[in-house]
Amino acid sequence: MSPAPGNEVLSAVLDTNIYIAAFAHPKGRNAAVWNAAIDGRYQLVVSPAIIRETAKVLRRDFAWREDRVQMAIRVVAQTARIIVPNIVLDVVAADPDDNRILECAVDGRADIIVSNDHHLLDLRMYAAIPIVAGVDFRRTLGLK
């Protein structure tokens, strides 16, 4: 069901660190951002590169079993609008993976990027898309 004109749903790209924090700490503050996507409070936009990086970090840094990783990734894929970016950006030299976030946001026409990574937050905005911390996005959504 589409929103009525004038009631468009905000679309957001979450950085991998938001997913990781939400999955690793399901009662934490970043979990509220993830749960708001599941609840349809905003339209989540994701790319295959973001999904792959999230899975890689869950395996490598959190030693998640493969079935648990696949379940988390499946829920992301079912919740989000998946886009395959047609652009390749080289904006964040210090952390090239952050460019995948920007690519997804630009090609996915996202309204906002949510990250707790200073490389992205230091940009403040890219291609007229604001980049905000998780805490600020929670406030935007009216969450604690």
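Anything mentioned here points back to the structure above.
Described in the following lines is the structure provided in the data block. (Residues numbered from 1 in each chain as written. Predicted model: local features only at pLDDT ≥ 70, side-chain atom pairs only at ≥ 80, totals over all residues. Heavy atoms only, no water.)

### Notes on the overall build of the protein
Helix and strand counts for the protein stand at 7 helices and 6 strands. The linear arrangement of helices and strands in the protein, starting from the amino end, is β-α-α-β-α-α-β-α-β-α-β-β-α. For a compact globule of 144 residues, the expected C-alpha radius of gyration is about 15 Å, and the protein comes in at 14 Å, within 12% of that figure. When each of the 144 residues of the protein is scored for burial, the buried share is 42%. Long-range contacts, defined here as pairs at least 24 residues apart, represent 60% of the contacts in the protein between residues at least 6 apart. Seen as two clouds, the 17 positive and the 17 negative side-chain charges of the protein have centres 7 Å apart. (Helix = DSSP H or I, 4+ residues; strand = E, 2+ residues; numbered from the N terminus. Rg over C-alpha atoms; globule rule 2.2 N^0.38 Å. Buried < 20%, exposed > 50% of the residue type's maximum accessible area, 1.4 Å probe, protein only. Contact = heavy atoms within 4.5 Å. Lys, Arg positive; Asp, Glu negative; His and termini not counted. Charge placed at Lys NZ, Arg CZ, Asp CG, Glu CD.)

### Structural notes on the packing of aromatic side chains
This structure, assessed with the given rule, holds 5 aromatic pairs. Between Tyr-19 and Phe-23, the ring centres sit 6.2 Å apart and the planes meet at 40 degrees, which makes this aromatic pair tilted. Of this pair, Tyr-19 and Phe-23 both sit in helix α1 (residues 16-24), separated by 4 residues, roughly a single helical turn. With a centroid separation of 6.3 Å and an interplanar angle of 40 degrees, the aromatic rings of Phe-23 and Trp-64 are classed as tilted. Placement of the pair is Phe-23 in helix α1 and Trp-64 in the loop between α3 (48-62) and α4 (66-79), with a sequence separation of 41 residues. Through successive ring pairs, a cluster of aromatic residues spans Tyr-19, Phe-23, Trp-34 and Trp-64. (Phe/Tyr/Trp six-rings, centres within 6.5 Å; stacked < 30°, edge-to-face > 60°.)

### Looking at the pairing of strand β1 (residues 11-14)
Where burial is concerned, the two faces of β1 agree: the one with Ser-11 and Val-13 and the one with Ala-12 and Leu-14 are both buried. In this sheet, strand β2 (residues 43-46) lies alongside β1 in parallel orientation, the contact comprising 3 bridges. Opposite Val-13, over in β2, you have Val-45 as the bridge partner. In terms of strand pairing, β1 meets strand β4 (residues 112-114) through 3 bridges, oriented parallel. By the bridge assignment, Val-13 is partnered in β4 with Ile-113. (Pairing = 2+ DSSP bridges.)

### Let's talk about the side chain of Asp-117
Tracing the sequence through the fold places Asp-117 in the loop between β4 and α6 (118-121). We note that Asp-117 is buried and unpaired, the nearest opposite charge coming from Arg-60 at a distance of 11 Å. Discounting residues that sit within four places of it in the chain, Asp-117 has contacts with Asp-15, Asn-17, Asp-95 and Asp-98. (Salt bridge = Lys/Arg side-chain N within 4 Å of Asp/Glu carboxyl O.)

### What about the packing of α1 against helix α2 (residues 29-38)?
Packing of α1 against α2 brings their axes to within 7 Å, and their N-to-C directions diverge by 105 degrees. Between α1 and α2, the angle is such that the two are roughly perpendicular. Counting all contacts with α1, which are made through Ile-18, Tyr-19, Ala-21, Ala-22 and Phe-23, the residues of α2 involved are Asn-30, Ala-31, Val-33 and Trp-34. For the contact of α1 with α2, the per-class residue count stands at 8 nonpolar, 1 polar and no charged. (Axes fitted to C-alpha atoms, helices over the stretch in contact; angles between N-to-C directions. Parallel < 35°, antiparallel > 145°, perpendicular 65-115°, else oblique. Nonpolar A, V, L, I, M, F, W, Y, C, P; charged D, E, K, R; others polar.)

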